[in-house]
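Residues per chain, in single letters:
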Amino acid sequence: MSRFRKLSHSLWHCQYHIVWVPKYRHRILTGHIGYEVGNCIRAFSEQKDVEILEMNILPDHIHLVTMIPPKVSISGYCGIIKGRTAIRVFNKYKDRKPKPYWGNLFWTEGYCVDTVDLDSEMIRKYVKYQENKAHKIEYQGKLF
């Protein structure tokens, strides 16, 4: 089986590692909100024919390894995901909206994106086990 995917006029293999954070990097992506954000990302990615290879939602940021077809721009995909998840979270959890630091914004402007190539497996493991590393560092910091 080839690693390439096929569209009507192209063969492609476009993997990206995308990271973005909530406004002011507040640790809000826990519990029901984190679960809702994950469901939104999966649903909106499916609508755009984007395959999620790995996703990890930490309290203060999100790691996503995806295969995005060339017909979908990275900026367009990130804009849709961030915009629609913010709308969904604010509609479902109305108590988050009136806080003065949120305004109508849930995410910071921008995102970090990197292409994934030969070290794909290493990056996927990094994303998958990021939470364990963050927890270890946080725990060690409390010891001293």
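Conventions and cut-offs
Residues numbered from 1 in each chain as written. Predicted model: local features only at pLDDT ≥ 70, side-chain atom pairs only at ≥ 80, totals over all residues. Heavy atoms only, no water. Helix = DSSP H or I, 4+ residues; strand = E, 2+ residues; numbered from the N terminus. Buried < 20%, exposed > 50% of the residue type's maximum accessible area, 1.4 Å probe, protein only. Contact = heavy atoms within 4.5 Å. Areas by Shrake-Rupley, 256 points an atom, 1.4 Å probe, with all protein chains shown as cover. Arc of directions from axis to C-beta. Polar contact = N/O pair within 3.5 Å; in protein donor to acceptor, adjacent residues only side chain to side chain.

(A) Up close: the overall build of the protein. Within the protein, the regular secondary structure consists of four helices and six strands. Helices and strands appear in the protein in the N-to-C order β-β-β-α-β-β-α-β-α-α. Out of the 144 residues belonging to the protein, those deemed buried represent 40%. Expressed as a percentage of contacts within the protein between residues at least 6 apart in sequence, the contacts between residues at least 24 apart total 70%. With an accessible surface of roughly 9,100 Å², the protein has 54% of that area assigned to carbon and sulfur atoms.

(B) Layout of helix α3 (residues 120–128). Within α3 the residues assigned to the buried category are Ser120, Ile123 and Val127. Around the axis of α3, the buried residues are gathered within 65° of arc, so they sit on the same side.

(C) Focus on the side chain of serine 45. Here serine 45 shows up in helix α1 (residues 31–47). The exposure class assigned to serine 45 is buried, which follows from its relative accessible area of 0%. Within the structure, the side chain of serine 45 is placed 2.7 Å from the backbone oxygen of isoleucine 41, a separation counted as a polar contact.

(D) The arrangement of unusual backbone geometry in detail. In this model, tyrosine 24 sits at a positive phi of 60°, which is unusual for a non-glycine residue. As for its placement among the helices and strands, tyrosine 24 is situated in the loop between β3 (15–20) and α1. A positive phi angle, close to 60°, is found at aspartate 49, a residue other than glycine. Relative to the helices and strands, aspartate 49 is located in the loop between α1 and β4 (51–58).

What is shown is where atoms sit, not what they do.
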